[in-house]
Amino acid sequence: MTTVTEAGPAAPAGPAHPLDQRRPLGDRSFQILALACGLLVLVILVLIAVSTSQQASSWFTTEGWGIFKNNWNPAANTYGALAFIYGTAITAIIALIMAVPVSVGIALLLTEVVPYRWSRPIVYVVDLLAVVPSVVWGLWGILVFAPWLNTIYAHIGSAVTGIWVLGPLFGPPTSGASFFTCGIILAFMITPIVTSLSREVIATVPAIDKEGAYALGATRLEMIRGAVWPHSQGGVVGAVLLGMGRAMGETIAAALVIGSSPAITSHLFAPGYNMPAVIANEFGEAFGLQRAALMGIGVLLFVITIIVNVIARGVVERSARRKRGT
Amino acid sequence: MAAVTGQQNVDLREPKGWRRTSNRIVTVLMVLAFVLVIIPLGFVLVTVVAKGISIISVTFLTSQIPPNVAPADVGGIWPAILGTLEIVGLATLMAVPLGILGAIYLNEYGGRGPLGVLIGFMSDVMTGVPSIIMGLFIFSIWVLHFGYSGFAGALALGCLMLPIVIRSTYEMLRLVPNSLREGSYALGATKARVTLTVVLPAAIGGIVSGALLAVARAAGETAPLIFTILGGLTLATNPNVFSGATTALPLLIFSNASSPYVGAQARGWGAALTLIVICFVLMIAARLVTARFARYSR
Amino acid sequence: MQLGRRQQVLTAGAAFVAMALSLAACSSSSSSSSTTTPSTSASSSSSAAALSGTLDGSGSTFQTTFQEAAISAFKSVQPGMTVVYGSGGSGKGRSDLASNVVQYAGSDSPIPSSEASTFKGTVLYFPVVIGPITVSYNLSGLSKPLNLDPKTIAEIFEAKITTWNNAAIAADNPGVTLPSTTITIARRSDSSGTTQNFTKFLVEGAGSAWTLGSASTVNWPAASRGGNGNGGVASIVKSTPGAIGYVDYADAKASGLTFANVKNSSGNYVAPSPASATAAADSVTAAANLTFSAIWASGAQAYPITYQSWVLCYETQSSTNVAAMLKAYIGYLLGPGQQLLPSLGYAPLPSSLDSMATSQLSKIGM
């Protein structure tokens, strides 16, 4: 006979306890802790929005819709911020156009092309790019890079004067410190973060998909298009949004290399201004309405970031839905 | 029975024509992308090293900050190094755990619910807030009540780091296969235990690298510090990070580089080189730690 | 006992943190590394009680060089006190003082009326420095500095005069052959009290020729180049042939720039120097609260672009120690500190202003 006590066959186990009711205190409190940390983001953002809007309120009430005029002039006490909104948009677009292909390219290089042994040094090099502080980018930009670019801009500018689309875009006036230079420096700064995140995302595409594509005779490009991209596009877009946020919010480097000249012009090589740069440059001496205007520019930047994020997510959702076939 | 009727000639060579060309072009472009990154990096590093290396010495790294007019061989940058290490360290201690927990909420608990979507969306928006606004925010919330301090600077930098840590951790957690979680649940583990002991270690490599990027960003930021730590220490050090004005390397670099005095400029570039070295050492150390401790390596 | 992996990481982290903290503690206790400080020629006169504590200040960047030198010299007078001056701009200094996060502020201009309500008590003005703003330029082949009058300067900085051999410049400099180099305008990209005072000079001296107004930053012509801080403008002027910019005297001297002689209200072309700045300040009558403007001052030898900076603090202090520290430090700035000024490129206060300011010190109290 058995010495092991066995449970009786099919004895009713009693009323079923939903796991929730018996969840240990530690589990529940961990969930609450995680929720609290998630809410922290909302709390901080709401506090930022409230405190900056409060300090900016006099600008909104004094200027009304005039905040979108292009008439920023502290000497005349008028503060229309259109030139800065334009500058932020232009520099962010230039930065993204240059950084995203490069970053995704490097990420693909690391995961698909380069053997594992070589990928470590390449990763360290990209990390080095992240390690340079923004103030050093700005100083190098204005002391070394901008003067060198100035001669290049001058050559290009004189070459394309008068040509149909290129003239207004790249023609004179040209200056080392300009929208384009700022865009390039921002591109350097956002590359590491977009590369690193894209690489992590792309690296987890299941090997089966990739091998299947190769087995069907695909070239590497076709494999990337067919197996890697659909799997990782959401993550890459998330990485790009992170980079774009950085490009729009970068303060000191932009303040040093953008040229500090509030102007709306199609000439990309001309000096310009953007939102974080004007706040950084003018806040120290500002008071009264000017200070409220600078805070208001910060509020405007929130709103713009929100709008752009909504659009980007909408686009991703739509394409993902289309791929899923719903 | 093998059906070997007229064996087709299978062409095992590379696909011809446009497919091959486009493949080659793309490979070249990818290598070009990497080269495009090396060039400016090389220039920046060469500039900083050329301008900064001559002033670096043990005395330089451990002496007080002299007035700007002092020549290059007088004084050093110790208070700024101490300030950076303390402030960035404190900011990391605050932002990284909170960020990881926030991402855990987003990925494990919040998911597709409205609150989860909102929090994820808002943390992306937060990455776009100019760093100077973070500084002004902490100024109005904290400094006005408790005065300038290294802690206020750490708060500002922590706010800057938080959305980056959340977003990168979230992406990493999302990629951990569900089979891991399901297996653990099947063994009777609670959600908290699964998350902490199975999911997090699986994603730790990506999480640490994302946290590192956030730390590197925070260490190099100037604007939030202007409004929270005051700077301006001459011949004084403030080791107490919780009270009293202090200074940090990025602030020193910024104010010295626009000074016309040769000594101040040299000290500024020496500080820039020091900051880059510190950040790089931290990055290498953390990558080594991940390589040693990550359970899932590629 | 074999530590699990997690325990290993935690122990390593704890050890690292402990090391870092002990390193910090060690070096702060051994932070007595001395640096050569400029020795003050005047000995501290009174047998002042040894004070201890911290004084925080922020504000005008014009004062920064002076404040740093004074702080390091003051250490030998009151070794127990720590004084910190965080610059950041006159507007920031005033608003920091209004919110009470600093005990004293540096400002290049008096508190504007719109800001006055933010201050919670009477504010005392202590003028501490005077200094010239130079009009520096980079032009080779000239044997002596150029003469410029305010109207010409205004037209240059508005880009109405674009080459050096323009008739207006030649009229101020008869007999000098001017090259045909294009003029590059160098100006501040950040807002500053220097711009404010320079444009004030143009408003008062050039009249209708200057249309851009006066503020801490103005809408400079698009072709102008912006530099960060006085040092930034100085380096643009230094590296660009044909450039002209406004740089304060201390920084222009440190960068080795050539400055123009500017025509003052009496019609004389005066070179910027501590002496001509003091001459400008001499002719100024200060208000009862010691505010004044030295721009476009009268006086045959006065340099017309001279400006001034004050240290501000509240009249009523909340603690006797802070009041005593303020009196000691500001008293030093007005007393032995003034001797530091000429070598730094500032001008000392005229003695009448200095004595008025020193007698105002007694007002700081509870």
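As the structure is a prediction and not an experimental result, all values here were calculated from the model.

Some remarks on the overall build of chain C
Okay, so step 1: The helix and strand inventory of chain C stands at 12 helices and 12 strands.
Okay, so step 2: Here chain C holds 366 residues, and 51% of them are scored as buried.
Okay, so step 3: Within chain C, contacts between residues separated by at least 24 positions form 72% of all contacts whose residues are at least 6 apart in sequence.

What to know about the interface of chain A and chain B
Okay, so step 1: Taken together, the contact pairs 77 residues of chain A with 79 residues of chain B.
Okay, so step 2: Among the elements of the structure, α1 (25-63), α2 (82-113), α3 (116-131), α4 (134-160), α6 (179-202), α8 (220-249), α10 (275-282) and α11 (289-324) of chain A are those that each provide at least two residues to the side of chain A that touches chain B.
Okay, so step 3: Looking at the side of chain A that touches chain B element by element, the count peaks at 18 residues for α1 of chain A.
Okay, so step 4: Residues of the side of chain A that touches chain B, tallied by class, amount to 51 nonpolar, 20 polar and 6 charged.

Description of the environment of Met 366 of chain C
All names here are of chain C.
Okay, so step 1: If you trace the backbone, Met 366 turns up in the segment after α12 (351-360).
Okay, so step 2: Placed 46 residues apart in sequence, Met 366 and Thr 320 show a C-alpha to C-alpha distance of 6.6 Å.
Okay, so step 3: Apart from residues no more than four positions distant in its own chain, Met 366 is found in contact with Thr 316, Gln 317, Thr 320 and Ala 323.

Considering the confidence of the model for chain C
Residues and elements named next belong to chain C.
Okay, so step 1: Taken residue by residue, chain C gives an average pLDDT of 86. The fraction at 70 or more is 87%.
Okay, so step 2: In the predicted structure, residues 22-47 sits below a pLDDT of 50 and forms 33 contacts with residues beyond four places in sequence or in another chain.
Okay, so step 3: Interface confidence for the predicted complex, given as ipTM, is 0.85, next to a pTM of 0.86.

Section: the sheet that holds strand β10 (residues 261-263) of chain C
All names here are of chain C.
Okay, so step 1: Reading across the sheet, the 3 strands line up as β5-β10-β11 and stay open at both edges, with mixed pairing between neighbours. Only two strands of the sheet have a single partner each, and these edge strands are β5 (147-148) and β11 (269-270).
Okay, so step 2: Pairing geometry for β10 and β11, over 2 bridges, is antiparallel. Looking at β11, one finds that Lys 263 is bridged to Tyr 269.

Observations concerning the pairing of strand β2 (residues 81-88) of chain C
Residues and elements named next belong to chain C.
Okay, so step 1: For β2, a buried count of 8 out of 8 residues is recorded, marking the element as mostly surrounded by other parts of the structure.
Okay, so step 2: Neither face of β2 is open: one carries Met 81, Val 83, Tyr 85 and Ser 87, the other Thr 82, Val 84, Gly 86 and Gly 88, and all of them are buried.
Okay, so step 3: Here 6 bridges tie strand β1 (residues 53-59) to β2, and the two strands are oriented parallel to one another. Following the sheet pairing, Leu 55 is matched in β2 by Val 83.

Notes on the domain arrangement of chain C
Okay, so step 1: For chain C, the domain assignment lists domain 1 (2-129 + 309-363) and domain 2 (133-281).
Okay, so step 2: Contact with domain 1 of chain C, which involves 17 residues of that partner, is made by 15 residues of domain 2 of chain C.

Structural notes on the interface of chain A and chain C
Okay, so step 1: Contacts between the two partners involve 20 residues from chain A, matched on the other side by 27 residues from chain C.
Okay, so step 2: Partitioned by chemical class, the residues of the side of chain A that touches chain C number 11 nonpolar, 7 polar and 2 charged.

Details of helix α8 (residues 191-219) of chain B
Okay, so step 1: When the terminal C-alpha atoms of α8 of chain B are compared, their 35 Å separation across 29 residues is substantially less than the 42 Å that a helix rising 1.5 Å per residue should span.
Okay, so step 2: Of all 29 residues making up α8 of chain B, 22 are buried, and the element is well covered by its neighbours.

With respect to the environment of Gly 235 of chain A
All names here are of chain A.
Okay, so step 1: Among the structural elements, Gly 235 can be located in helix α8.
Okay, so step 2: Its 20 C-beta neighbours within 10 Å are what place Gly 235 among the buried residues.
Okay, so step 3: Between the C-alpha atoms of Gly 235 and Leu 40, which are 195 residues apart in sequence, the distance is 23 Å.

A short note on the packing of α2 of chain A against helix α1 (residues 18-52) of chain B
Okay, so step 1: Where α2 of chain A meets α1 of chain B, the axes come as close as 8 Å, and the angle between the chain directions of the two elements is 115 degrees. Seen along the crossing, α2 of chain A lies across α1 of chain B with a hand that is left-handed. Within the contact between the two elements, α2 of chain A uses Pro 101, Val 102, Gly 105, Ile 106, Leu 108, Leu 109 and Val 113 of chain A and α1 of chain B uses Thr 27, Leu 29, Met 30, Val 31, Ala 33, Phe 34, Leu 36 and Val 37 of chain B.

Thresholds applied
Residues numbered from 1 in each chain as written. Chains lettered and ligands numbered in written order. Predicted model: local features only at pLDDT ≥ 70, side-chain atom pairs only at ≥ 80, totals over all residues. Helix = DSSP H or I, 4+ residues; strand = E, 2+ residues; numbered from the N terminus. Buried ≥ 20, exposed ≤ 12 C-beta atoms within 10 Å, placed from the backbone. Contact = placed C-beta atoms within 7 Å. Nonpolar A, V, L, I, M, F, W, Y, C, P; charged D, E, K, R; others polar. pLDDT = per-residue confidence, 0-100. Pairing = 2+ DSSP bridges. Domains from an automatic or database assignment. Expected span 1.5 Å × (residues − 1). Axes fitted to C-alpha atoms, helices over the stretch in contact; angles between N-to-C directions. Left-handed = near helix turned anticlockwise from the far one by under 90°.

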